[in-house]
Amino acid sequence: MRMDFDKSGVAFSPEALKEKYRVEREKRLRADGSTQYVDLSGVYADFDRDPYVEPGFTRPALTEDIDVLIVGGGFGGMLAAVRLRQAGVHSFRLVEKGGDFGGTWYWNRYPGAACDVESYIYMPLLEETGYIPTEKYAKAPEIFTHCQRIGRQFRLYEAALFQTRVEGMDWDEDTRRWNITTDRGDKLAARFVIIAGGVLHKAKLPGIPGIETFKGHSFHTSRWDYAYTGGNSSGHLSKLADKRVGIIGTGATAVQAIPHLGASARQLYVFQRTPSSIGARNNQPTPETWAKELQPGWQRDRVHNFSSIVSGQPQNIDMVGDGWTYIFQDEALRRARTPEEAEELRQLADYRKMEEIRARVNTIVKDQATAEALKPYYNQLCKRPCFHDEYLDTFNRPNVQLVDTEGKGVERITPTGVVVNGKEYPVDCLIFASGFEVSTEYTRRLGFDIHGRGGRSLRESWADGASTLHGMTTRGFPNLLLISTTQSGWAINLVHVLDELSQHAAYIIDRCVKKGIEVIEPTPQAQEQWWQVILGSMRRSGGFGGPDCTPGYYNNEGSGITPAMIRMAGFGGGTLGFIEILRNWRKNDALEGLEVTPGEKPPAS
Ligand code: NDP
């Protein structure tokens, strides 16, 4: 058997690992794929209640005619609003279901929540706001506060309608406006709509038999119930001191929350289906001298440097120098002479890096069986890699037990506990760290349908998959601008792409205003050409969620990708490749591929 060696010189067999990965994947394949999950509606509607606002909020309904309606008050929506203001467009409203700005950082307040992409590149508008994060990986409250800072500095609060959900959106051919209704009775007419509905925002629960029969306390991690647990996002969950707690899931969220649960609960059961890969975090406070020496343009350069490296374009300096950039450092690849050789070297490098991850488990977790169960056997980018310095050590605590379901998942939930392999684990509190919908239908995740020309709905129009130009405009839905990952850019530092898309949307709206264009929508030819670009880019991309990967949201739970899903995929030619396409398009200043209808009024001077 051929052997290879990891960084510390320990031998491993690539063939044996390949077989082990296959066996582990097989264990996790299930016929119900993505339909194994349920959403937070019907009998589960209480899981969706916003615990961060006082109940009983009311306000008078609004009737307004505005230039732009923005849906979503997370980073995408806020950045779109900021870029509109900077372009001189001030007549806009921003509708957000939460009680404040922040999106992900409004909802995810679980103990230990922090960004896992470096805060200096992840937190937007640092130079514009003059803010320097206090740590390399800022904690959730600091990021949420930064969202509020952006809201104040760019006067976004005056445009915001919080605790408000869009219910309907219809294109009116006569007025050439979108008519929008909300659950607060608002009637808004907008010339343009920007949808920045978020990527991972619709929480899901595992459809485990008996889940609705549980009589103890339970909640989803994105609606953390501090009234029950005590403490706050830095832990100290004092009310759990006499409680038996179960947590279902071991993804990126659970990895951050579990150390705090382990420190506070009387007993913690961690129900695991697939272990995450846990690299070192090495968080550190921001050095004062470093912050003082930053030159104008520093954030843009750092963001660019990171996205280059993780798009497979090596740079002379690795400014961020963390676990993410380490994954993409692939010296061996530079030696490859053919695509086949490159693939072989890439796989070998992946085996080596995952061997390091598995060896790290052995150095931290004392109980051998637990350590073995915590080792991930799949390629590194099959699931979101995690980085944490306390997670693994938590399993050395006497009050913490890993309940490994060997890939099968929890069997059943009873009124008093959780059943795995026929054994019931009694719990007082059950926490679902079960993630968010990703590959379900776009309008389902959005929470409302959009009716374009002739009353045709987006749901119908995209039933066989999306057709767009740059993922931003879609024919039949005039003046609708989408900020999403569908046929659009993708990035490990997603905020990089969100900002580019926001600038792109603001540019289109600004051009329409300045040139006196009333309606835009993409031509069928432009949509077809863009689809060909997307297809071509997919053939070149590798890594995230391939078909041989262990099931998860990156590959539709391993149940196969339908043609419609392929049409919902993003651009696979790297973050910077996508950004370059958008920038070149704007540089041409011709709104190429968009059909334009001039207005009756003369253009703004
Ligand atoms: P995930 O979808 O990554 O994790 C869900 C977890 O629930 C998985 O471990 C899954 O197991 C498990 N699960 C689902 N059904 C069952 C079942 N029936 N029995 C047992 N276990 C089950 O959600 P997260 O909220 O952890 O993360 C979602 C994404 O959010 C991340 O990938 C990341 O992109 C982002 N995130 C970012 C953070 C940051 O920037 N700091 C922090 C947290 C999240 P299995 O793996 O087998 O499916």
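Residues numbered from 1 in each chain as written. Predicted model: local features only at pLDDT ≥ 70, side-chain atom pairs only at ≥ 80, totals over all residues. Heavy atoms only, no water.

By the naming in an unreviewed UniProt entry, the protein chain is Cyclohexanone monooxygenase, taken from Chondromyces apiculatus DSM 436. UniProt, in its Sequence similarities (unreviewed entry) section for the protein chain, records the words "Belongs to the FAD-binding monooxygenase family." Looking at the Cofactor (unreviewed entry) heading of the UniProt record, one finds this comment for the protein chain: "FAD". (UniProt positions renumbered as here; feature names shortened; annotations may be inferred.)

Trainee: Residue-level account of the packing of helix 17 (residues 494–515) against helix 20 (residues 575–588), with values.
Mentor: When two helices pack together, their arrangement is given by the angle between the helix axes and the distance between those axes. Direction vectors running N to C along helix 17 and helix 20 enclose 15 degrees, while the axes themselves pass 11 Å from each other. Here helix 17 is positioned roughly parallel relative to helix 20, judged by the angle of their axes. With respect to the hand of their crossing, helix 17 and helix 20 are arranged in left-handed fashion. Note on element contacts: helix 20 touches helix 17 through Thr 575, Leu 576, Phe 578, Ile 579, Leu 582, Arg 583, Trp 585 and Arg 586, opposite His 496, Val 497, Glu 500, Leu 501, Gln 503, His 504, Tyr 507 and Ile 508. Considering only residue class, the contact of helix 17 with helix 20 consists of nine nonpolar, four polar and three charged. (Axes fitted to C-alpha atoms, helices over the stretch in contact; angles between N-to-C directions. Helix = DSSP H or I, 4+ residues; strand = E, 2+ residues; numbered from the N terminus. Parallel < 35°, antiparallel > 145°, perpendicular 65-115°, else oblique. Left-handed = near helix turned anticlockwise from the far one by under 90°. Contact = heavy atoms within 4.5 Å. Nonpolar A, V, L, I, M, F, W, Y, C, P; charged D, E, K, R; others polar.)

Trainee: Could you give me a rundown of the sheet that holds strand 19 (residues 423–426), with the residues and numbers involved?
Mentor: Backbone-to-backbone hydrogen bonds join strands into a sheet, with any given pair of strands oriented parallel or antiparallel. Spatially, 17-18-19 is the arrangement adopted by the three strands of the open sheet, whose pairing is antiparallel. At either margin of the open sheet sits one strand with a lone partner, and together these are strand 17 (412–413) and strand 19. Pairing of strand 17 with strand 18 (residues 417–420), which is carried by two bridges, proceeds in the antiparallel orientation. Note that in strand 18 the partner of Arg 412 across the bridge is Val 419. (Pairing = 2+ DSSP bridges.)

Trainee: Let's hear about the environment of Pro 275: which residues, and what values?
Mentor: Within the secondary structure, Pro 275 sits in the loop between strand 13 (267–272) and strand 14 (278–279). Residues in contact with Pro 275, not counting those within four places in the same chain, are Arg 28, Thr 250, Ala 373, Leu 374, Lys 375, Pro 376 and Tyr 378.

Trainee: Kindly report on the packing of aromatic side chains, identifying the contributing residues and their values.
Mentor: Geometrically, a pair of aromatic rings is defined through the distance of the ring centres and the angle of the planes. Tallied over the entire structure, the rule returns 28 aromatic pairs. Aromatic side chains Phe 47 and Phe 432 sit 5.8 Å apart centroid to centroid with 75 degrees between the ring planes, which places their arrangement in the edge-to-face category. Note that Phe 47 is positioned in the loop between strand 3 (37–39) and strand 4 (63–71) and Phe 432 in strand 20 (residues 429–432), a separation of 385 residues in sequence. We classify Phe 47 as buried; its relative accessible area is 15%. The interplanar angle of 45 degrees and the centroid separation of 6.0 Å between the aromatic rings of Phe 571 and Phe 578 together place this pair among those described as tilted. Note on Phe 571: relative accessible area 8%, which makes it buried. By relative accessible area, Phe 578 is classed as buried at 0%. Among the aromatic residues, those joined into a ring-pair cluster are Phe 12, Tyr 21, Tyr 351 and Tyr 377. Taking NZ or CZ as reference, Arg 149 lies 3.8 Å from the ring centre of Tyr 131, over its face. Looking at Lys 353, its charged tip hangs above the ring of Tyr 326, at a distance of 4.7 Å from the centre. (Phe/Tyr/Trp six-rings, centres within 6.5 Å; stacked < 30°, edge-to-face > 60°. Buried < 20%, exposed > 50% of the residue type's maximum accessible area, 1.4 Å probe, protein only. Lys NZ or Arg CZ within 6 Å of the ring centre and 35° of its normal.)

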